[in-house]
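In case you want the letters, here they are:
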Amino acid sequence: MKYMIQDNQAGFVLKNGIFQKMITAGTYHFSKIAGYRVEIEEMTGEVDYMDVPYPVLSRDPAFLEATVHMEIPDGSIGFIYINGKLSSYANRKEYTFWNVFDKHEIRIVPMTETMTGPEVSRQMLSLVPGKLYTEVKVGEGETGLVYYDNVLQKPLSRGIYRFWNYKHSISYKVLDMKQRELDIVGQEILTKDKIGIRMNVSCIYKIRDAVEFAAAISDLKGQLYSAVQLAIREIVGNYKLDEILEAKERISAEIYEALKDREGMFCVHFLTAGIKDIILPGEIRAIMNSVLVAEKTAQANVISRREEVASTRSLLNTAKLMEENQTLYKLKELEYLERICGKVGEISVNGNAGIVEQLGRLMGAERAV
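Thresholds applied
- Residues numbered from 1 in each chain as written.
- Predicted model: local features only at pLDDT ≥ 70, side-chain atom pairs only at ≥ 80, totals over all residues.
- Heavy atoms only, no water.
- Helix = DSSP H or I, 4+ residues; strand = E, 2+ residues; numbered from the N terminus.
- Buried < 20%, exposed > 50% of the residue type's maximum accessible area, 1.4 Å probe, protein only.
- Polar contact = N/O pair within 3.5 Å; in protein donor to acceptor, adjacent residues only side chain to side chain.
- Contact = heavy atoms within 4.5 Å.
- Expected span 1.5 Å × (residues − 1).
- Pairing = 2+ DSSP bridges.
- Salt bridge = Lys/Arg side-chain N within 4 Å of Asp/Glu carboxyl O.
- pLDDT = per-residue confidence, 0-100.

As for its placement among the helices and strands, Thr134 is situated in strand S11 (residues 133–138). Residue classification places Thr134 among the buried residues on the basis of a relative accessible area of 13%. A distance of 3.0 Å separates a polar atom in the side chain of Thr134 from a polar atom in the side chain of Asn165. Residues in contact with Thr134, not counting those within four places in the same chain, are Tyr161, Arg162, Phe163, Asn165, Ile170 and Tyr172.

See below:
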């Protein structure tokens with residue numbers, strides 16, 4: 001039987017099912033009666049014809065020269081490159097490629113070193129199943145804690161780290177070491193004089209030591225919330241309402257000092273703490289508003305009386321001067337006449353006397369009366 005092998009093909013010659021040799025481009029004749037058979041495939045990608053084990057095929061020099069065979073050892077993974085370019089992740093242990101028109105290569109990466117090395121790029125990892133590695137991203141102002149089989153390793157600073165899940169079980173925590181704010185909103189407190197008020201308190205804190213914190217604290221926000229609540233109740237409950245309203249800053253300082261004393265319990269530093277708002281019950285607000293209105297009214301009355309006394313004293317002094325000085329009296333009289341003339345639309349006079357004289361007589365007559 002005639003077989004024509006093209007330039008990009010290869011043929012596997014078998015006799016009675018036993019591999020004989022590999023043939024390349026050309027025309028061949030093999031007798032079927034003698035038990036010959038030829039399997040033809042293109043020499044691209046992986047070798048498809050694997051009915052015969054590789055150790056048998058590799059005995060043929062032509063096959064061995066035209067192919068490349070690679071095996072990935074235990075504890076390693078492989079990446080397939082075609083003509084120097086990354087193509088895919090090697091998800092099997094053994095590969096055989098045609099190496100005639102395209103150059104195939106498998107780069108082996110060991111996973112025995114738990115942290116990936118610089119030879120492993122992000123592009124390579126994008127092809128790897130996620131279960132094979134753990135990625136830890138540590139941002140600015142954060143600290144990363146990585147555990148191998150629950151054993152803490154060296155803390156990690158800012159960066160991206162990747163670990164193979166081969167020798168160890170990997171777990172991690174990323175702790176925010178920046179300043180954080182905790183608000184206690186609407187905290188109900190009974191004052192010393194048995195008045196129920198609500199208070200908003202705010203504090204700023206930061207984690208002191210990441211390793212110590214991770215070993216000792218599980219729910220920081222919840223524990224801090226409870227600690228601040230207790231400090232507020234202990235301190236504010238010792239003051240009467242009037243004292244709380246008058247000494248807000250001093251009470252804030254006491255709350256801050258109480259929290260500073262408890263820093264060691266939570267592995268944090270308290271940076272600030274203080275009262276933001278004091279919320280009074282409706283009836284207490286109404287009473288205080290009434291008191292404030294009364295105080296302001298009393299102050300206004302005092303000022304008004306003071307002004308009246310000053311005005312009366314001024315009039316008395318003016319009267320004494322006018323009584324002692326007739327010229328001054330006359331000038332004052334003329335001043336009032338001028339004002340009267342400015343207000344009156346029409347004035348009727350009788351006789352030959354002037355208007356000023358008649359008005360003066362009128363006022364003199366009223367004064368005499």
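The discussion continues.
The end-to-end C-alpha distance of helix H5 (residues 220–236) is 24 Å, a good match for the 24 Å that 17 residues give at a rise of 1.5 Å each. Every buried residue of H5 is accounted for by Leu220, Leu224, Ala227, Val228, Gln229, Ala231, Ile232, Ile235 and Val236.

Here we come to the sheet that holds strand S15 (residues 170–176). Taken in spatial order, the 3 strands make up an open sheet running S13-S12-S15, and their pairing is antiparallel. In the strand order of this sheet, the two ends are held by strand S13 (151–152) and S15, each with one partner. Where strand S12 (residues 142–148) lies against S13, 2 bridges are found, and the strand directions are antiparallel. Across the sheet, Tyr148 pairs through a bridge with Val151, a residue of S13.

Moving on to the pattern of salt bridges. All chains considered together, the criterion is met by 11 salt bridges. Here Arg92 makes a salt bridge to Glu46, at a shortest N to O gap of 2.6 Å. Here Glu46 lies in the loop between strand S5 (36–42) and helix H1 (54–57) and Arg92 lies in the loop between strand S8 (85–90) and strand S9 (94–98), a separation of 46 residues in the sequence. Taking the relative accessible area as the measure of exposure, Arg92 reaches 39% and is therefore partly exposed. For Glu46, a relative accessible area of 28% puts it in the partly exposed group. Close ionic contact of Arg262 with Glu234 constitutes a salt bridge, the shortest N to O distance being 3.0 Å.

Another aspect to go through is the confidence of the model for the protein chain. Summary statistics for the protein chain give a mean pLDDT of 85 and a share of 85% for residues scoring 70 or more. Overall, residues 365–369 carries pLDDT values under 50, and its contacts beyond four positions in sequence, including any with other chains, amount to 2 contacts.

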